[in-house]
Amino acid sequence: MVALFKAVIPGGLLTWIVCMFFGSAGSSGGFLHVYSQHLADHSIYWSWPLFTVGTLLAWFVYANID
């Protein structure tokens, strides 16, 4: 269970970096469904499918390290 909590940070970082490139180019990323998320005065690009896959991948890596 601790590995899952540790996996959220790399999953979020992966999502943020990949979505920044796809979103700034104006692409939706196909299956990734990259969209612009408005938070207060800021706008970021985000993808829930990519976040889920990235977090599961990091969780798998962290679980096998232990």
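Before reading on, note that the structure itself is shown above.
Residues numbered from 1 in each chain as written. Predicted model: local features only at pLDDT ≥ 70, side-chain atom pairs only at ≥ 80, totals over all residues. Heavy atoms only, no water.

S.K.: Break down the pairing of strand β1 (residues 35-39) for me, citing the residues and quoting the values.
M.R.: In this sheet, strand β2 (residues 42-46) lies alongside β1 in antiparallel orientation, the contact comprising 5 bridges. In the sheet register, His 38 faces β2, and the bridge partner there is Ser 43. Counted between consecutive antiparallel strands, the loop separating β1 from β2 contains 2 residues, among which Ala 40 sits at a positive phi close to 55°. (Pairing = 2+ DSSP bridges. Helix = DSSP H or I, 4+ residues; strand = E, 2+ residues; numbered from the N terminus.)

S.K.: If you had to explain unusual backbone geometry to someone new, which residues and values would you point to?
M.R.: The backbone of His 33 shows a phi angle near 50°, a positive value even though the residue is not glycine. Positive phi, normally seen in glycine, also occurs at Ala 40, with a value near 55°. By secondary structure assignment, the location of Ala 40 is in the loop between β1 and β2.

S.K.: Describe helix α1 (residues 2-24), with residues and values.
M.R.: Helix length check: α1 (23 residues) gives 34 Å between terminal C-alpha atoms against 33 Å at 1.5 Å per residue, within 8%. Along its length, α1 reaches its greatest deviation from straightness, about 25°, at Val 8, and the proline Pro 10 lies no more than four positions downstream. Just downstream of α1, Gly 26 is the residue with a positive phi angle, here 85°. (Expected span 1.5 Å × (residues − 1). Bend = angle between axes of the 7 residues up to and from the residue.)

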